[in-house]
Amino acid sequence: YWFNPFVWHACKEMKTDREIACDTSVLDILEADDHERYGHTLIDLAEKISRASFPFATGMSGSMAQMQRRIINIANYQKESFHKRVSSFLSYVLIAAFLAGFIPVLSIHAAGHDRYVFHEQGRNITYLDLDDVFGKYEGSFVLYDAENDSWQIYNKECATTRITPVSTYKIYSALFGLETGIISPEQSLMKWDGQHHVYESWNSDQTLQSAMQDSVTWYFQAIDRQAGFPAIRDYIEKIGYGNQTVRGNISSYWADSSLGISPIEQIEMLQKFYYNQFGFSPENIRAVKDSIYLYSEENSRIYGKTGTGEVDGANTLGWFIGYIEQEDHTYFFATSIQNDDLATGSIAAELTHSILSDI
């Protein structure tokens, strides 16, 4: 804001207010008979400054007009009465309450670093118009063709906005569990603790395959609890996942406002995972790939993971991310949708299937 004249004016006014506040503090301490002498002291100082060769060297800020405002404030000064003090406090409370009404309520989808910087220069990018497909949903669709190094993007703003990954993070949670040895491709069974869950499929022992297929949250929470926050933070920083912010509850950091990732970053993370740019065990990469395999269609194999975000019992966020393997191409996709209600991972998957079919 260096070149904004309104900011310069605001700074100038704040400096004057600061000096007047300082004067007021002094006048509160002095006896009433000394107020006039204090004002004359400032007038004498201002006169000396005006005659100095280098007035700025005196260390006293403000112009003569500002000095005049200070002198007038001193001349008219009266100690604050109890009534005035109460009136000021009530005015402050009313104004604060009024302004608070204009502050947007941050949902759980807000992130600490809410925007990903996507460098477009030198990239082969096609921007799509999918307003009719998305309809009432705010969101984005991103498709990356690895062989042709080309992007197709709908709604760039949403495609670069970081939101909570919810269950799409389970891809990397599974990989984390495998790399730390908490589970292995050969032995990934976890015993159900008997706690009843809403989804019946969760109420049984789970393997990586079944836990990923039914998005069994307690399975991945168990991995995190065994590993601990320090190891999780190191892992997320190592793989460069989204905003790399992990805090709050160890059971929900990937489902609330802590960890955030944009659709474009989802694509970039999937590439790192697919081509094992992490340098992890190939067996572990293969185990996670097998766990997110969905189905085959003609000459294509589709892999993916959905995610649904919930606020106060309403489904407000839907994710579907993954990739498509063909003989000569690999496509990576990410779809996000948001709404006040009825935005789920399954709906995001349906939208994605429709868009991919048209493309």
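Going by the structure above, here's the rest.
Residues numbered from 1 in each chain as written. Predicted model: local features only at pLDDT ≥ 70, side-chain atom pairs only at ≥ 80, totals over all residues. Heavy atoms only, no water.

Right, let's get into the sheet that holds strand E4 (residues 293-297). Ordered in space as E1-E3-E2-E7-E6-E5-E4, the 7 strands form an open sheet in which the pairing is mixed. Strand pairing shows two members of the sheet lacking a second neighbour, strand E1 (124-128) and E4, which therefore form its edges. The mean inter-strand angle of the sheet, taken between neighbouring strand axes irrespective of direction, is 15°. Relative to strand E7 (residues 330-338), strand E2 (residues 138-145) is paired through 8 bridges, and the arrangement is antiparallel. Its bridge partner lying in E7, Gly139 is registered against Ile337. (Pairing = 2+ DSSP bridges. Helix = DSSP H or I, 4+ residues; strand = E, 2+ residues; numbered from the N terminus. Axes fitted to C-alpha atoms, helices over the stretch in contact; angles between N-to-C directions.)

Here the focus is the side chain of Asn284. Take Asn284: it is sitting in helix H12 (residues 282-291). When its relative accessible area of 8% is taken as the criterion, Asn284 is described as buried. (Buried < 20%, exposed > 50% of the residue type's maximum accessible area, 1.4 Å probe, protein only.)

Size it by volume and the largest pocket reaches roughly 760 Å³. Considering the residues around the largest pocket, the lining is formed by 30 residues, among which Ser167, Tyr199, Trp202, Ser215 and Thr308 are closest to the centre. Residue assignment for the lining of the largest pocket shows that the elements contributing at least two residues are helix H8 (208-213), H12, E4, strand E5 (300-311), strand E6 (314-325) and helix H13 (345-358). Tallied by class, residues from the lining of the largest pocket come to 11 nonpolar, 14 polar and 5 charged. (1 Å grid on protein atoms, 1.4 Å probe; cavity = no way out; pocket = protein on both sides within 12 Å on 5 of 7 lines; lining within 4 Å. Points joined across faces, edges and corners; volume = space filled by probe spheres on them. Nonpolar A, V, L, I, M, F, W, Y, C, P; charged D, E, K, R; others polar.)

Applying the stated criterion to the full structure yields 10 salt bridges. Notably, a salt bridge pairs Glu265 with Arg162, separated by 2.7 Å at the nearest N-O pair. Remark: Arg162 occurs in the loop between helix H6 (156-159) and helix H7 (170-179) and Glu265 occurs in helix H11 (residues 263-274); sequence separation between them is 103 residues. Residue Glu265 is classed as buried on the basis of its relative accessible area, which comes to 6%. One connected set of salt bridges, linked through shared partners, spans Glu19, Asp23 and Arg70. (Salt bridge = Lys/Arg side-chain N within 4 Å of Asp/Glu carboxyl O.)

The next point concerns the pairing of E6. Counting buried positions over the 12 residues of E6 gives 11, a clear majority of the element. With 11 bridges connecting them, E5 and E6 associate as antiparallel partners. By the bridge assignment, Gly307 is partnered in E6 with Trp319. Counting the residues in the hairpin turn of E5 and E6 gives 2 residues, including Asp312, whose phi is positive at 50°. The pairing of E6 with E7 spans 9 bridges and is antiparallel. Directly across from Gly322, in E7, lies its bridge partner Phe333.

Look at H7 against helix H10 (residues 229-239): their axes get within 11 Å of each other, and the N-to-C directions meet at 115°. In this view, H7 runs roughly perpendicular relative to H10, as classed from their interaxial angle. The hand of the H7/H10 crossing is right-handed. When H7 is examined against H10, the residues Tyr172, Leu175 and Phe176 are found in contact with a partner set consisting of Ala231, Ile232, Tyr235 and Ile239. Residues of the contact of H7 with H10, tallied by class, amount to 7 nonpolar, no polar and no charged. (Parallel < 35°, antiparallel > 145°, perpendicular 65-115°, else oblique. Left-handed = near helix turned anticlockwise from the far one by under 90°. Contact = heavy atoms within 4.5 Å.)

The next subject is the side chain of Ser173. By the element assignment, Ser173 lies in helix H7. Residues within four places of Ser173 in sequence aside, it is in contact with Phe220, Ile223 and Asp224.

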